Protein chains: 2
Amino acid sequence: MFELERYLKERAQLVERAFSRCIDEPAGPAAPLYEAMRYSLLGGGKRLRPILVLASCEAVGGKVETALGLACALEMIHTYSLIHDDLPCMDDDDLRHGRATCHKVYGEALATLAGDALLTDAFRVVLRSSDGAPPDAVLDAVAILAEAAGSRGMVGGQVIDLANEGKKLTLEQLEDLHSKKTGALFRASILGGARLGGATPAQLDSLDRYARAVGLAFQVMDDLLDVESTTEQMGKRTQKDEAAGKNTYPSLLGLEESRGLARQLERRAHQALETFDQRAAPLRKIATFVVERRQ
Amino acid sequence: MFELERYLKERAQLVERAFSRCIDEPAGPAAPLYEAMRYSLLGGGKRLRPILVLASCEAVGGKVETALGLACALEMIHTYSLIHDDLPCMDDDDLRHGRATCHKVYGEALATLAGDALLTDAFRVVLRSSDGAPPDAVLDAVAILAEAAGSRGMVGGQVIDLANEGKKLTLEQLEDLHSKKTGALFRASILGGARLGGATPAQLDSLDRYARAVGLAFQVMDDLLDVESTTEQMGKRTQKDEAAGKNTYPSLLGLEESRGLARQLERRAHQALETFDQRAAPLRKIATFVVERRQ
């Protein structure tokens, strides 16, 4: 019987141990930069994106070691996006994973640069540590990552989000926003891990459907948890979406219907994996975990 | 007879035409992001880094088309670094290439995100448009680029620069700062272009020496021009290094000795190319151009 809790913990530890090889620790003059990068990268989090990279690589029969560099890169890019989103000129947040945000500790200049460095170094990490995979698979995984994180993906989503504060969106517009803002990085994790693991085109198609369902389910739950949880439970400021005039699933659909949508997306994720064997057990359990999580 | 002026103009136009394929122009909700990216990327500049990519590719017998994606990526990364350096929390500059800086026109949030997107999209552009080169050469060029732009290179250099304002550096410390802050991106341009052009290891060694000399010469001249030029000539604020308490070559060596160092670096650059044939003529002329430029 597959135990998700132990799996998540072991995989998170595997990734966190690998982080030490991703960030230099020179005693030299750039030491404050590395300290700020480490502060944010090692500051906690579910490590869901890197775990999805590894689980997806395994689901198609690949070795986790091949995808460990990409897994680290995904968390580095996720971390940079949080650092920049928390800046005073963006969401102006003081709290992240239960600790002071990067710019609160290191100032705005160093926080901006720590974000820039995590983003850039992420690409170095994948390229220098995916030795087990054929070069064209590495190229493809990195191209998917760059496309997902840039203007067509995450950064574009953040711009749309900021531009629409206080404006009422349709359900279709909200889904487009989230497919970019959070969905794109989930997709890059799952497709990139599978590509490095040697996935066939048909497997990539199925995993693409899985990724879209899980990414959206994650966001629906994020919106629900923002309404239903306290700052203490989440380790970040909650009930802030409504205050900021943000469009959310609960504000558009109500709480009950949002919960129903999350369950529907979970089923869609499971259906996408129907042709996979037991090696996809972690991916299946993660789809359920995403809609049952309490933080 | 090789005419540098015409070469620089033609190459700059080639790169600028290719930019239109690098930045999407959707009519959609992320349009302000693309507008801010285009404002800064198309806002002028010498295009020296992309031209070095192409010249280096040609010097080893490669086709310019193979390196055009990398050339665009270099200018996108250079542009992102200027947008972030100009932010109020960093150098707080209002003027760049004779125009208002990105955050002055689009606000800090969008300027930060336009920088993030240019950096990320740069990687997508190289990976999706270097079809003529073998996958391992592309991987290597992109890894060199990521290493040069990240914590070990440009971002690290910017942190060292900010940390040392008002402190007196030794000549060795100043050289280390500049080898990271500006030198690393010159090196990535020249080595990356050569790698895509099919350079041998011996050629890469020679071009590495050329790149270090030209990158440092560029910075020595930048310091000299900051002292000797007006804001009108340069299209950006000048005489600001002294006001900010920055360490510069003129402040450490004096004007005359700084000019002498630039000429010495020019000779070193020419010596590094001794084994190259006439296809390295552009690289040779660029080394001289760098120490004779007036802006």
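Note that the structure is a prediction, hence the values are computed from the model and not measured. (Residues numbered from 1 in each chain as written. Chains lettered and ligands numbered in written order. Predicted model: local features only at pLDDT ≥ 70, side-chain atom pairs only at ≥ 80, totals over all residues.)

*Asks:* I tried to follow the relation of the copies chain A and chain B on my own but got confused; where do I start?
*Replies:* Mapping chain A onto chain B is achieved by rotating through 180 degrees and translating by 0.0 Å along the same axis, at an RMSD of 0.0 Å. Read as a symmetry element, the transformation amounts to a two-fold axis. Among all residues of chain A, the one whose C-alpha sits closest to the rotation axis is Pro 135 of chain A, at a distance of 2.9 Å. Looking at chain A, 100% of its interface residues are interface residues in chain B too, so the copies touch through the same face. (Least-squares fit on C-alpha atoms with pLDDT ≥ 70 in both. Contact = placed C-beta atoms within 7 Å.)

*Asks:* So what exactly am I meant to see when it comes to helix α4 (residues 64–85) of chain B here?
*Replies:* Three- or four-residue spacings in an α-helix give side chains the same orientation, since the helix completes a turn every 3.6 residues. Under the 1.5 Å per step criterion, the end-to-end length of α4 of chain B is 31 Å for 22 residues, consistent within 8% with the ideal 32 Å. A large share of α4 of chain B lies buried, amounting to 20 of its 22 residues. (Helix = DSSP H or I, 4+ residues; strand = E, 2+ residues; numbered from the N terminus. Expected span 1.5 Å × (residues − 1). Buried ≥ 20, exposed ≤ 12 C-beta atoms within 10 Å, placed from the backbone.)

*Asks:* What is the right way to read the interface of chain A and chain B from this model?
*Replies:* The parts lose accessible area when they come together, and the size of an interface is often stated as this lost area. Listed by partner, the interface residues are 44 residues for chain A and 44 residues for chain B. Elements represented by at least two residues in the side of chain A that touches chain B include exactly α2 (31–41), α6 (108–128), α7 (135–149) and α8 (154–163) of chain A. Per element, the largest residue contribution to the side of chain A that touches chain B is 14 residues, and it comes from α6 of chain A. Per-class residue counts for the side of chain A that touches chain B are 28 nonpolar, 7 polar and 9 charged. (Nonpolar A, V, L, I, M, F, W, Y, C, P; charged D, E, K, R; others polar.)

*Asks:* Can you help me understand the nonpolar core in this one?
*Replies:* Grouped together as the largest cluster of nonpolar side chains are 188 residues, with contacts concentrated most on Ala 114, Val 142 and Ala 217 of chain A together with Ala 114, Val 142 and Ala 217 of chain B. In this structure, Val 142 of chain B is in contact with Phe 123 and Leu 127 of chain A together with Phe 123, Val 126 and Leu 127 of chain B, ignoring residues within four places of it in sequence. (Core = buried A, V, L, I, M, F, W, Y, C linked by C-beta atoms within 7 Å.)

*Asks:* Help me understand the packing of α8 of chain A against helix α6 (residues 108–128) of chain B in this model?
*Replies:* Helix-helix packing: each pair is described by the crossing angle between the helix axes and the interaxial distance. The N-to-C vectors of α8 of chain A and α6 of chain B enclose an angle of 165 degrees; their axes lie 9 Å apart at closest approach. Considering their axes alone, α8 of chain A and α6 of chain B lie roughly antiparallel with respect to each other. The two elements α8 of chain A and α6 of chain B cross, and the hand of that crossing is left-handed. Side by side, α8 of chain A and α6 of chain B meet where Val 155, Gln 158, Val 159 and Leu 162 of chain A of the first sit next to Ala 109, Leu 110, Leu 113, Asp 116, Ala 117 and Thr 120 of chain B of the second. Of the residues in the contact of α8 of chain A with α6 of chain B, the class split is 7 nonpolar, 2 polar and 1 charged. (Axes fitted to C-alpha atoms, helices over the stretch in contact; angles between N-to-C directions. Parallel < 35°, antiparallel > 145°, perpendicular 65-115°, else oblique. Left-handed = near helix turned anticlockwise from the far one by under 90°.)

*Asks:* Which parts of the structure should I look at to understand unusual backbone geometry?
*Replies:* Most peptide bonds take the trans form, and the phi angle of most residues other than glycine is negative. Residue His 97 of chain A is not a glycine yet carries a positive backbone phi of 50 degrees. Locating His 97 of chain A in the fold gives a position in the loop between β1 (95–96) and β2 (99–100). A positive phi angle, close to 50 degrees, is found at Asp 92 of chain B, a residue other than glycine. Positionally, Asp 92 of chain B belongs in the loop between α4 and β1 (95–96).

*Asks:* For this particular structure, what's the right way to read helix α9 (residues 171–196) of chain B?
*Replies:* All names here are of chain B. At Gly 183, α9 shows its strongest bend, of approximately 55 degrees. In terms of burial, α9 is largely enclosed, as 20 of its 26 residues are buried. Where α9 ends, the next residue or the one after it, Gly 198, has phi of about 90 degrees, a positive value. (Bend = angle between axes of the 7 residues up to and from the residue.)

*Asks:* Explain the confidence of the model for chain A to me, please; I cannot follow it from the model alone.
*Replies:* In low-pLDDT regions, the fine details of the predicted coordinates are not to be read closely. Residues and elements named next belong to chain A. Overall, the predicted model of chain A reaches an average pLDDT of 93, with 96% of residues at or above 70. Confidence scores differ between elements of chain A, with helix α11 (residues 231–234) showing the lowest mean pLDDT of 64 and helix α3 (residues 48–59) the highest of 98. Overall fold confidence (pTM) sits at 0.95, and the ipTM for the predicted complex is 0.94. (pLDDT = per-residue confidence, 0-100.)

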